[in-house]
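# Commentary on secondary and tertiary structure
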Amino acid sequence: MLGQLLPAVRMLILLSLLTGIVYPLAVTGIAQIAFPHTANGSLLSVNGNTVGSSLIGQPFTDPKYFWSRPSATSPQPYNAMGSSGSNQGPGNPALAEAVTARIKALRDRDPGNVELVPIDLVTASASGLDPHISVAAAGYQVQRVARARGLDPDKVRALVNAHTEGRALGILGEPRVNVLELNLALDAADR
């Protein structure tokens, strides 16, 4: 019995050291050297103050800002500790009610806008933390943001175009706009 227990304990200690200390330190070290911005959370700062991460969505409700996708995280929206979707399928009446209420809220906040509401402005992403909106969702909001800021809509549209990211690797996904980065650019343009 002792002949089997001793090698098992040695292996437990060795593997615990390798997988619990050596491997995480090696991966962390490589990440810090190769991708320091990403490894540290892709944090964005303004005047030395961290305002958020380009990887995690944030709520914006002021009309002078572009609004993010809705978030399904709990106990509050955009909770990075509670990343999750709503798990409501397309046939779920609760999802249909939520989408209808979100469309009404968008229409109430911008009554002159008669464009079709892009789907990503009324549905949460799978993680509930998506920092991006579609180009169509950004375009839908241009007039409201320009009006609220007293800017020429063409200037706002140019900022949207400047902050539009292409497809990943040139073929994956759709072009998208990072909401926080765009809103920070709007604030900088207003100064």
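Position numbers for residues count from 1 along each chain, tracking the sequence in the order it is written. In keeping with the model being predicted, local features are shown solely for residues with a pLDDT of at least 70 and side-chain atom pairs are shown and tallied solely at 80 or more, while totals for entire chains, interfaces and linings include all residues. Side-chain descriptors were evaluated using all non-hydrogen atoms of the structure, hydrogens and water having been removed beforehand.

## Describing the nonpolar core
Ranked by internal contacts, the top residues of the largest apolar core, which has 28 residues, are Phe66, Leu106, Leu121, Ile133, Val156, Val160 and Leu186. Counting from the N terminus, the helices are DSSP H or I runs at least four residues long and the strands are E runs at least two residues long. If you list the elements that add at least two residues to this core, you get α3 (93-109), α4 (135-149), α5 (153-162) and α6 (179-190). Of the residues forming this core, the biggest block, six residues, is contributed by α4. Aside from chain neighbours lying at most four places away, what touches valine 160 is Phe66, Ala138, Val142, Val177 and Leu182. In these notes, a set of buried Ala, Val, Leu, Ile, Met, Phe, Trp, Tyr and Cys residues joined through side-chain atoms within 4.5 Å is what counts as a nonpolar core. Residue burial is assigned from relative accessible area. The probe radius is 1.4 Å, only protein chains are included, and a residue is buried under 20% of its type maximum, exposed over 50%, and partly exposed in between. By definition in these notes, contact holds between two residues if any of their heavy atoms fall within 4.5 Å.

## Some words on the packing of α5 against α6
Here an angle of 0 to 180 degrees is reported between the N-to-C directions of two axes, which are lines fitted to C-alpha atoms, with helices fitted over the stretch in contact. Packing of α5 against α6 leaves a shortest axis separation of 10 Å and a crossing angle of 140°. Of the possible angle classes, the one that applies to α5 and α6 is oblique. Where α5 crosses over α6, the handedness of that crossing is right-handed. Counting all contacts with α5, which are made through Lys155, Val156, Leu159 and Val160, the residues of α6 involved are Leu182, Ala185, Leu186 and Ala189. Side-chain classes are defined by residue name, with Ala, Val, Leu, Ile, Met, Phe, Trp, Tyr, Cys and Pro counting as nonpolar, Asp, Glu, Lys and Arg as charged, and the others, Gly among them, as polar. The residue inventory of the contact of α5 with α6, partitioned by class, reads seven nonpolar, no polar and one charged. Comment on the angle field: the value is read as roughly parallel under 35 degrees, roughly antiparallel over 145, roughly perpendicular from 65 to 115, and oblique elsewhere. Two helices crossing with the near one rotated counterclockwise from the far one by less than a right angle form a left-handed crossing, whereas a clockwise rotation gives a right-handed crossing.

## Some remarks on the pattern of salt bridges
By convention in these notes, a salt bridge is any Lys or Arg side-chain nitrogen within 4 Å of a carboxyl oxygen on Asp or Glu. Throughout the structure, instances matching the rule amount to seven salt bridges. A salt bridge links aspartate 154 to arginine 157, with the nearest nitrogen and oxygen atoms 3.0 Å apart. Placement of both aspartate 154 and arginine 157 in helix α5 is noted, with a separation of three residues, approximately one turn of the helix. Residue arginine 157 is classed as partly exposed on the basis of its relative accessible area of 34%. Residue glutamate 165 is joined to arginine 176 by a salt bridge in which the shortest nitrogen-to-oxygen separation is 3.6 Å. Separated by 11 residues along the polypeptide, glutamate 165 in strand β4 (residues 164-165) and arginine 176 in strand β5 (residues 176-178) bring together distant segments of the chain.

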